[in-house]
Amino acid sequence: MTSENTPAQAPVGQQSESATGGAPAGRHQWPMWEVFVRPSRGLSHVHAGSLHAPDAQMALRNGRDLYTRRNEGVSVWVVPTAEVSASDPDRRDAFFESAKGKEYRHATYYTKSEGVKHL
Amino acid sequence: MTTTHDPRAASSADELTAEQLQERFDALIAADQRIEPTDWMPEDYRRTLVRQMSQHAHSEIIGMQPEGNWITRAPSLKRKAILMAKVQDEAGHGLYLYSAAETLGTPRDEMFEQLMSGRAKYSSIFNYPARSWADMGAIGWLVDGAAICNQVPLCRASYGPYGRSMVRICKEESFHQRQGWEILYTLSHGTPKQKQMAQDAVNRFYGPALQMFGPPDDQSPNSQQSMDWKIKRFSNDELRQRFVDMIVPQAEALGLTLPDPDLAWNEERGHYDYGELDWDEFFGVIKGHGPCNQQRLQHRIDAHENGEWVREAAAEYARKMQERAARADTDTAPAGSEQR
Amino acid sequence: MGSVGQDSATIISAGSALTAEKLLDSGVTAPERTAEYALRLGDDALILAQRLSWWISRAPEIEEDIALGNIALDTLGHARMLLTYAGTAWDRSEDDLAYFRTEEEFRCAQIVEVDNGDFGRTVAKNLIMSAYFYELYSRLVDSADETLAAIAAKAVKEVDYHLDHAVQWTLRLGIGTEESAGRMRAGLRDVWPYLDELFEDEPLHDDLEGIAVRPSTLRAPVMERLEVVLAEAELEVPEVKQARTGGRRGEHREALGFLLAEMQSLARQHPGATW
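Cut-offs and rules
Residues numbered from 1 in each chain as written. Chains lettered and ligands numbered in written order. Predicted model: local features only at pLDDT ≥ 70, side-chain atom pairs only at ≥ 80, totals over all residues. Heavy atoms only, no water. Helix = DSSP H or I, 4+ residues; strand = E, 2+ residues; numbered from the N terminus. Contact = heavy atoms within 4.5 Å. Areas by Shrake-Rupley, 256 points an atom, 1.4 Å probe, with all protein chains shown as cover. Buried < 20%, exposed > 50% of the residue type's maximum accessible area, 1.4 Å probe, protein only. Pairing = 2+ DSSP bridges. pLDDT = per-residue confidence, 0-100. Salt bridge = Lys/Arg side-chain N within 4 Å of Asp/Glu carboxyl O.

Q: Kindly report on the overall build of chain A, identifying the contributing residues and their values.
A: Scanning chain A from terminus to terminus reveals two helices and four strands. Secondary structure of chain A in N-to-C order comes out as β-β-α-β-β-α. Taking contacts inside chain A between residues at least 6 apart in sequence as the whole, the part at least 24 apart equals 45%. Accessible surface computed for chain A: about 7,100 Å², of which carbon and sulfur atoms make up 52%.

Given below as structure tokens:
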């Protein structure tokens, strides 16, 4: 699994769905960001987690401090959580069914060539 | 019907009946699949998770204080660096957990508010004072040790973001316990005064560390539901036993004793028996009568309130920069058209 | 790449870099005068790190606890390398030097002794010190003393980031709100009087031509950096008098005594003990 098909999580809304909700939001709660880290050259950025930051510049720096304290990465991306579009979890079956059962898209489907080199 | 959704938008779950939704949730849990933030989930499950994850996060954040207390006095520069890295990690772990809890729709400032108003709980062990340097050893070895025992099974918790944050936390915490054990080992093999300091710390933290697993199973009302939901994988007493079995030989290797006269190997059970813990004391500390409850909470409140003007300034700066960028865009537009 | 899943972002490693331990293992010995120079730099880093470490659990937001913690840890790392190296000249360990010297034996500049104050003052101090360290270490990498050059090579990359952190906050506090700008101005006024001392040449630097960086050569680049940042942050260079210098000769501000009393208390209760 690479970052291209790692869905960003965090459906954090202004309206809390939580039953414990009700407390007024702090006056200066910074917005939330999703952090993606490239573990090493040649690999994709992978979702590492999220954090709060006042703007993109600070989000990058906070991402570096929070998610790469142990040499975990060589590059960081940040995306405002609110800007992430995600597929509808309740339409999952309709969305992903098509990719199933198409064995002919995979090399293993073709068996006649077994034993033939470089094929 | 659109196929892509803003993750914050209401899902099309309302097309399904309550029973269908519950069935699908139950099936996922039964199949040991993970529940992800956008999935429908029972309100009780959501509430239980928010409570548990935010308490866990609060414990990390409040837990910075007893050790933070010794950063400026650490007796060697190496130990100072280790301690600083460890306390800083705890801030990180708090953030991982707050973030995971936020995926359930409760903003961080709401969780802060619950902590600061005293409505939310955190691990009561942090309401004990860290009196000596040896406490840095005992906290690392016993408190982090108990925490790891608790956390390793949580890596498989049914809620995806919780499990993922636990994987990260467990990886990082492996050094926490070892450095604590090493502090005690060095003290135990140092001067008589140092050894005494180490023994005293172990004496004070042993009982409270065992109590970190929560009340005995027959007095833990929420446990069974959490087990059914696969948030919790083992009972309080099971984990406590596992921990005791682990630390007895570790204490021997330290050359220190555990302050429990009833501690003995039980051949039949294949486990160590241990003595009754002081649960009156435990519930007293939870209710706010611990030695440091007030101080720990006030420290957090002070940090938050003293930081208000800074958070406000950063938010205001971000707003002004956006405004200036927008103004620059409109200012340059006519200039561009003149050139054409 | 089936195995490269979510966990690949949690692959951890220590990475390879110079540390105090490696330096000690190398068996290198500092010449006497070079050691005195390393001691000055090491004391600056040690006292600054000691001050900064106080912020962990007290920062304005938890993300910032971690950021300040990283800076303190880096800076403590520099102190440990420099003190370890200095100590090789006198057969003393980093801890002998940190914990068993008296106030007048410390060689730090007075600016690092200044109390943390509020976040504004801490940012002001970090801004000046990281600009100073950056200019210093980026020259020290060319030192004829290989060990100093190696320490500087590690440190310069880290202080580059510290400078960026301080600049980001200076901009936010300077432009953010009236209150934050006021506090930032006050913070700058509190630390600015101790600026001159950082650029003061001593006979020691004459003796170490090609080995040490001459402090007076740092004034122009450091001041230029500071002036650019302050202008961008809509702040002014404070109009304050420069304080009498003396840290390099062991004449310190009162604050250092309290700092050392706290830092050294435990180690001094157990002389000769290992930890």
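Q: Give a description of the pairing of strand β1 (residues 32-38) of chain A that names residues and reports values.
A: In summary, the side chains of a regular strand alternate between the two faces of the sheet. All names here are of chain A. Burial runs high along β1: six of the seven residues are buried. Both β1 and strand β2 (residues 46-52) contribute to a ladder of six bridges, which runs antiparallel. Each residue of the ladder has a partner; that of E34, found in β2, is S50. Both β1 and strand β3 (residues 75-80) contribute to a ladder of six bridges, which runs antiparallel. Residue pairing across strands places V37 opposite V76, the latter belonging to β3.

Q: Quick rundown of the confidence of the model for chain B? Include the residues and the values.
A: Residues and elements named next belong to chain B. When pLDDT is averaged along chain B, the result is 91; 94% of the residues meet or exceed 70. Scored below 50 in pLDDT, residues 1-10 shows 22 contacts in the model against residues more than four places distant or in partner chains. Overall fold confidence for the complex sits at a pTM of 0.90, while the interface term, ipTM, reaches 0.95.

Q: Lay out the pattern of salt bridges in plain terms, naming residues and giving numbers.
A: Taken as a whole and judged by the stated rule, the model has 47 salt bridges over all chains. One salt bridge connects K100(A) with E97(A), and the closest N-O pair in it is separated by 3.8 Å. The exposed category is assigned to K100(A), whose relative accessible area is 54%. By relative accessible area, which is 44% here, E97(A) ends up partly exposed. Residues R80(C) and E21(C) are paired through a salt bridge, measuring 3.3 Å at the closest nitrogen-oxygen approach. Here R80(C), found in helix α3 (residues 62-87), pairs with E21(C), found in helix α1 (residues 20-25); they are 59 residues apart in sequence, far enough to count as distant.

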